[in-house]
Amino acid sequence: MPMNRAHRRLCSSEKWAQTTKDHILPWALEHVDLGEDVLEIGPGYGANLRVLVERVPRLTAAEIDAETARMLEERWGGRARILHADGAQLPVEEKEFDSVVCFTMLHHVPTAAHQDRIFAEAFRVLRPGGTFAGSDSQLGFGFRVLHLFDTMNTLDPRSLPARLERAGFADVAVDVHPKSGGLRFRARRP
């Protein structure tokens, strides 16, 4: 997992899980219909997963880190399908999901090209009319300090719409939060 010890401690904390539940997911998913079958790419320690599993009938989570995927399987395997997989190469059928989501993880993907492969894969596994939605952090002093010796490749909100459109998405919207500076995105598979 491309995170330093302090970052791992934060992301596995109850405080982070509560922040996710109270602030990140409500804003990121505002006016988003997730549907019945949802895929979360990059659940990490499961802060988002624990909220999503209560909101949707069927949840699948794809985690790239083997140890973290095992932990998620032990904790959530009875309520969600957990895959040890790269979000850019998912072992699932084409057009399997009503929505694909990812939250505060794309900045851990080392290159823009790999992020673009994740976008293309999200498009592949979405049903027509399905939504790709999520959020991510933006640069700031505290963010930089937390990411010392981490992989940190933030999304540019100005270029993200064109990148999602190149992956095939329509109705792309990218917003920057007025207080936190984080971004959210939504896009639809036509």
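A short tour of the structure in this document, coming up. (Residues numbered from 1 in each chain as written. Predicted model: local features only at pLDDT ≥ 70, side-chain atom pairs only at ≥ 80, totals over all residues. Heavy atoms only, no water.)

## Description of the environment of H84
Operational definition: Every helix listed is a DSSP run of H or I at least four residues long, and every strand listed is a run of E at least two residues long, numbered separately from the N terminus. Two residues form a contact once any of their heavy atoms are found within 4.5 Å. Two N or O atoms form a polar contact when they lie within 3.5 Å of each other; inside protein one atom must be a possible hydrogen donor and the other a possible acceptor, and for residues adjacent in sequence the pair counts only when both atoms belong to side chains.
Within the secondary structure layout, H84 lies in strand β3 (residues 81-84). A sequence separation of 20 residues divides H84 from I64, and the C-alpha atoms of the two residues are 5.6 Å apart. Not counting the four nearest positions on each side in its chain, H84 is found in contact with E63, I64, D65, A66 and A69. Here the side chain of H84 touches A66 through a polar contact of 3.5 Å, landing on its backbone nitrogen.

## Comments concerning the sheet that holds strand β4 (residues 97-103)
What counts is decided by this rule: Two strands qualify as a pair provided DSSP detects at least 2 bridges between them. Every axis corresponds to a line fitted to the C-alpha atoms, with the helix fit spanning only the stretch in contact, and the corresponding angles, defined between N-to-C directions, vary from 0 to 180 degrees.
Taken together, seven strands build an open sheet; the order of strands is β3-β2-β1-β4-β5-β7-β6 and the sheet is mixed. Of all the strands in the sheet, just β3 and β6 (170-176) have a single pairing partner and so form its edges. Adjacent strand axes in the sheet meet at a mean angle of 15 degrees when their direction is disregarded. In this structure, strand β5 (residues 126-136) lies alongside strand β7 (residues 183-188), joined through six bridges in antiparallel fashion. Bridge assignment links F132 to a residue of β7, and that residue is A187. Across the sheet, helix α2 (residues 14-28) is in contact with β4, β5, β6 and β7; its angle to β7 comes to roughly 35 degrees. Seen against the sheet, helix α3 (residues 47-55) touches β1 (37-41), β2 (58-63), β3 and β4 and runs at an angle of roughly 165 degrees to β2.

## Concerning the packing of α2 against α3
Relative placement of two packed helices is described by the angle separating their axes and the distance separating the axes. Let me state the cut-off plainly: Should an angle fall under 35 degrees it is called roughly parallel, over 145 degrees roughly antiparallel, and 65 to 115 degrees roughly perpendicular, with every other angle called oblique. Should the near helix be turned anticlockwise from the far one by less than a right angle, the crossing is termed left-handed; should it be turned clockwise, right-handed. Charged means Asp, Glu, Lys or Arg here, nonpolar means Ala, Val, Leu, Ile, Met, Phe, Trp, Tyr, Cys or Pro, and polar covers whatever is left, Gly included.
At a minimum axis distance of 8 Å, the contact between α2 and α3 shows a crossing angle of 55 degrees. Regarding the angle of α2 to α3, the classification is oblique. When the axes of α2 and α3 are compared, the crossing they make is right-handed. Contact with α2, carried on its side by E14, W16, A17, T20, K21 and L25, involves A47, N48, R50 and V51 of α3 and no other residues of that element. Tallied by class, residues from the contact of α2 with α3 come to five nonpolar, two polar and three charged.

## Observations regarding unusual backbone geometry
Inclusion rule: A 1.4 Å probe rolled over the protein chains alone gives each residue an accessible area, and that area as a share of the maximum for its type sets the label: buried under 20%, exposed over 50%, partly exposed in between.
We note that T104 has phi near 45 degrees; this positive angle belongs to a residue other than glycine. Residue T104 is classed as buried on the basis of its relative accessible area, which comes to 17%. Its identity is not glycine, yet D171 carries a phi of approximately 50 degrees, on the positive side. On the secondary structure map, D171 appears in strand β6. Given a relative accessible area of 54%, D171 falls into the exposed group.

## Things to note about the packing of aromatic side chains
The criterion, for reference: For this analysis, a ring pair means two rings from Phe, Tyr or Trp (six-membered ring only for Trp) whose centres lie within 6.5 Å, classed as stacked if their planes differ by under 30 degrees, edge-to-face if by over 60, and tilted for the remaining angles.
Applying the stated criterion across every chain yields a total of four aromatic pairs. Between F132 and F169, the aromatic rings sit 5.4 Å apart at their centres with planes inclined by 20 degrees, giving stacked as the arrangement. Highlighted residues: F132 in strand β5 and F169 in the loop between α7 (160-166) and β6, separated in sequence by 37 residues. Overall, the relative accessible area of 4% leaves F169 in the buried class.

## Considerations on the pattern of salt bridges
To keep things clear, this is the line we draw: Salt bridge, as used here: a side-chain nitrogen of Lys or Arg that lies within 4 Å of a carboxyl oxygen of Asp or Glu.
Under the defined criterion, the tally for this structure stands at 13 salt bridges. The partner of R184 in a salt bridge is E30, with the nearest N and O atoms 2.9 Å apart. In this pair, R184 is assigned in strand β7 and E30 in the loop between α2 and β1, connecting sequence segments 154 residues apart. Its relative accessible area of 33% is what places E30 among the partly exposed residues.

That is the geometry; function is a separate question.
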